[in-house]
Amino acid sequence: MKSLPIDLNTFAFFRREKVDGKTVHNRCGRDFLFYALAFYFPDKFGVNKITAYNLEHEGHFGVSVPSYLAWMQIQFSRVPEYFKKFGLQLIINDYKINSFFIFVRVILFSRISYENAIQNIEKVVDRGEVAGVDISVGYGGLLDHVLFVYGYDAESFYVFETTETPIQYESVDTRNPQVMRISKKEIKKRWTHFGRVWNVVKVV
């Protein structure tokens with residue numbers, strides 16, 4: 001397996017927060033972006049440091065909205081500016097995200113084939129950079145889920161999860177149960193016109 005240089009025993013894994021006993025929905029993008037920051041800056045982001053919850057509710061990523069308003073995307077309105085402070089840039093389907101306008105346009109209109117997505121993600125991991133795979137969990141891809149990609153082999157991706165979904169994958173690390181193996185067949189089954197590759201790179 002080819003993987004990112006991450007110490008799984010110290011990485012900032014977390015479970016999605018709950019409100020009134022119910023898991024908060026539609027936070028996968030936030031979780032992915034937090035994991036990207038935790039990968040590049042482990043001393044600043046993680047347990048007893050800045051958390052994904054902090055980034056959302058302190059407004060670093062954008063305007064925190066209820067799950068049923070997540071389609072508005074304003075929860076990501078400040079991501080390009082925030083990442084720039086850390087010398088990082090978000091790229092989606094090979095489009096550099098330099099503004100919220102570009103983010104929305106790319107989310108709505110960019111397209112990438114399953115085959116190109118798999119190749120791109122593997123190349124990103126080979127370079128030691130952050131990649132995410134964004135696949136459908138319902139409504140023909142209108143309801144999607146992005147996962148941080150830790151590594152890959154010939155048949156599968158190894159991803160970090162924070163919540164429960166209908167995706168068919170399995171935990172592969174008893175000490176770190178949030179490390180999941182998802183087959184490329186499952187990714188292909190869930191690939192739609194809305195499938196995306198997320199990438200976070202250092203630019204300075």
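- The chain appears in an unreviewed UniProt entry as Peptidase C39-like domain-containing protein from Candidatus Nomurabacteria bacterium RIFOXYA1_FULL_35_17.

### Digging into a nonpolar patch on the surface
Argument step 1. The grouping of Tyr 139, Leu 142 and Leu 143 at the surface amounts to a nonpolar patch, some 370 Å² of accessible area in total.
Argument step 2. Within the secondary structure, Tyr 139 sits in the loop between β6 (130–138) and β7 (143–152).
Argument step 3. On the basis of relative accessibility, which here comes to 70%, the residue Tyr 139 falls in the exposed class.

### Some remarks on the pairing of strand β4 (residues 88–92)
Argument step 1. Within β4, five of the five residues are buried, which leaves it mostly tucked inside the rest of the structure.
Argument step 2. Residues Leu 88, Leu 90 and Ile 92 line one face of β4 and the alternating positions Gln 89 and Ile 91 line the opposite face, and both faces are buried.
Argument step 3. Where β4 lies against strand β11 (residues 196–202), five bridges are found, and the strand directions are antiparallel. Note on β11: the bridge partner recorded for Gln 89 is Val 201.
Argument step 4. Pairing of β4 with strand β5 (residues 95–97) involves three bridges; the strand directions are antiparallel. Bridging from a neighbouring strand, Ile 92 pairs with Tyr 95 of β5.
Argument step 5. Connecting β4 to the antiparallel partner β5 that follows it, the hairpin turn spans two residues, and Asn 93 within it adopts a positive phi of roughly 50 degrees.

The rules behind each value
- Numbering of residues begins from 1 in every chain and follows the order in which that chain's sequence is written.
- In keeping with the predicted nature of the model, local features appear solely for residues at pLDDT of at least 70, side-chain atom pairs appear and are counted solely at 80 or more, and the whole-chain, interface and lining totals rest on all residues.
- Side-chain measures were taken over the full set of non-hydrogen atoms in the model, leaving aside hydrogen atoms and water.
- Nonpolar side chains (Val, Leu, Ile, Met, Phe, Trp, Tyr) are joined into patches within 5 Å and like charges within 9 Å, using only residues with over 30% relative accessible area and no salt bridge.
- The Shrake-Rupley method, run with a 1.4 Å probe sphere, supplies the accessible areas, and residue values consider only the shown protein chains as cover.
- Salt bridges are counted wherever a side-chain nitrogen of Lys or Arg sits within 4 Å of a carboxyl oxygen of Asp or Glu.
- Numbering of helices and strands runs from the N terminus; a helix is a DSSP stretch of H or I covering at least four residues, while a strand is a stretch of E covering at least two.
- Relative accessibility thresholds used throughout: buried, under 20% of the residue-type maximum; exposed, over 50%; partly exposed, between the two (1.4 Å probe, protein chains only).
- DSSP calls a pair of strands paired once it identifies at least 2 bridges connecting them.

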